[in-house]
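Chain residues, written in single-letter form:
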Amino acid sequence: MPLKRFLSHLQYEKRYSAHTLTAYESDLTQFLDYLQTEYQTTQISEVSHFYIRPWIVSLMEDKIAARSVNRKITALKSFFIMELFYGSGMRLSELVNLKISDINFSNQAVKVLGKRNKERIIPLSGTVMTQLKEYITARSAFITDNGVESLNLFLDNRCNKVYPKFVYRLVRKYLGQVTTGDKKNPHILRHTFATHMLNNGAEINAVKELLGHASLAATQVYTHNTIEKLKNIYKQAHPKA
């Protein structure tokens, strides 16, 4: 079930606190219950703005506090977005300039315009593609309600293309919920993408292409953690270590 996978991801990958997990589970379960009652479905893939807007209206009619309503909306946004950074390893500058046309749903990939205007294609997981479809549906409702048109994939609260500081603050906010480390920026997600790929056996030249690096030396920076992991495995497994 997508909800369980999402909550498991928040718990084990993003290390959300127990309090935050409980709140998100409650909000999203409430939304699914609403779908079941009003539309006889609990399929996230069927969700559109036609379902989300009436749910928000119903919350307000029930005198739910504005702060609680905003948290529920945030839960939905988190469910639909934020995976693209970690799932692709793209740069902040690349993400903010994405167009809807850059997403290829048939090939499950995204086209990115990197440094020196060099294009590259990054494959995406089925989960990320599903989330992007659901985000785009909600985004369409958002811009329609505000009477605007935009080709940009990610928009701010005023329907303008997101800018780097906007995304930086968003990432910092969410990382701040799961870590006390000093580094809470979009590059950490890119770093994590590269490190996890290498730790799980990806060939370094393939990672270089996915990251859009001009030279292998830039990618080798991310092998440090991999080497440390191999050292630990060696110490634990080799009889003469």
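All values derive from a computational prediction rather than experimental measurement. (Residues numbered from 1 in each chain as written. Predicted model: local features only at pLDDT ≥ 70, side-chain atom pairs only at ≥ 80, totals over all residues. Heavy atoms only, no water.)

Taken N-terminus to C-terminus, the directions of helix H9 (residues 186-199) and helix H10 (residues 204-211) make an angle of 160 degrees; their axes are 10 Å apart at the nearest point. Compared by their axis directions, H9 and H10 come out roughly antiparallel. Considering how the two elements wind past one another, H9 and H10 form a crossing that is right-handed. Side by side, H9 and H10 meet where Arg 190, Phe 193, Ala 194, Met 197 and Leu 198 of the first sit next to Ile 204, Val 207, Leu 210 and Leu 211 of the second. (Axes fitted to C-alpha atoms, helices over the stretch in contact; angles between N-to-C directions. Helix = DSSP H or I, 4+ residues; strand = E, 2+ residues; numbered from the N terminus. Parallel < 35°, antiparallel > 145°, perpendicular 65-115°, else oblique. Left-handed = near helix turned anticlockwise from the far one by under 90°. Contact = heavy atoms within 4.5 Å.)

The next point concerns the packing of aromatic side chains. On inspection of all chains with the given rule, the structure shows two aromatic pairs. Look at Tyr 135 and Phe 154: their rings are 5.2 Å apart centre to centre, the planes differ by 40 degrees, and that puts the pair in the tilted class. Highlighted residues: Tyr 135 in helix H7 (residues 126-145) and Phe 154 in the loop between H7 and helix H8 (164-176), separated in sequence by 19 residues. Neither Tyr 135 nor Phe 154 differs from the other in exposure class; each is buried. Measuring from ring centre to ring centre gives 5.7 Å for Tyr 163 and Phe 166, while their planes differ by 65 degrees; the resulting arrangement is edge-to-face. (Phe/Tyr/Trp six-rings, centres within 6.5 Å; stacked < 30°, edge-to-face > 60°. Buried < 20%, exposed > 50% of the residue type's maximum accessible area, 1.4 Å probe, protein only.)

Phi angles above zero are rare outside glycine, and Arg 116 is one such case at about 60 degrees. Residue Arg 116 is classed as exposed on the basis of its relative accessible area of 65%. We note that Asn 117 has phi near 55 degrees; this positive angle belongs to a residue other than glycine. Within the element layout of this structure, Asn 117 appears in the loop between strand E2 (109-113) and strand E3 (119-123).

Moving on, we come to the pattern of salt bridges. Under the counting rule described, the total for this entry stands at three salt bridges. Note that Arg 120 and Glu 94 form a salt bridge whose closest N and O atoms lie 2.8 Å from each other. With Arg 120 in strand E3 and Glu 94 in helix H6 (residues 92-96), the pair connects residues that are 26 residues apart, well separated along the chain. Like Arg 120, the residue Glu 94 is buried in the burial classification. Each of Arg 91, Glu 94 and Arg 120 takes part in salt bridges that share partners, so that together they form one network. (Salt bridge = Lys/Arg side-chain N within 4 Å of Asp/Glu carboxyl O.)

Turning next to the sheet that holds E2. Strands belonging to one sheet form pairs held by backbone hydrogen bonds; the direction of such a pair is parallel or antiparallel. The strand order E1-E2-E3 describes an open sheet built from three strands, whose pairing is antiparallel. Each edge of the open sheet carries a strand with a single partner, namely strand E1 (103-104) and E3. Here E1 runs beside E2; their pairing, made up of two bridges, is antiparallel. Residue pairing for E2: Asn 104 is matched across the bridge by Ala 109. (Pairing = 2+ DSSP bridges.)

Of the residues in the chain, 67% reach a pLDDT of 70 or more, and the chain-wide mean stands at 77. Within the chain, helix H4 (residues 66-80) has the poorest average pLDDT of any element, 61, and E2 the best, 95. (pLDDT = per-residue confidence, 0-100.)

The next point concerns the environment of Tyr 163. If you trace the backbone, Tyr 163 turns up in the loop between H7 and H8. C-alpha of Tyr 163 to C-alpha of Val 96: the two residues are 67 residues apart in sequence and 6.2 Å apart in space. Residues in contact with Tyr 163, not counting those within four places in the same chain, are Val 96, Asp 156 and Arg 169.

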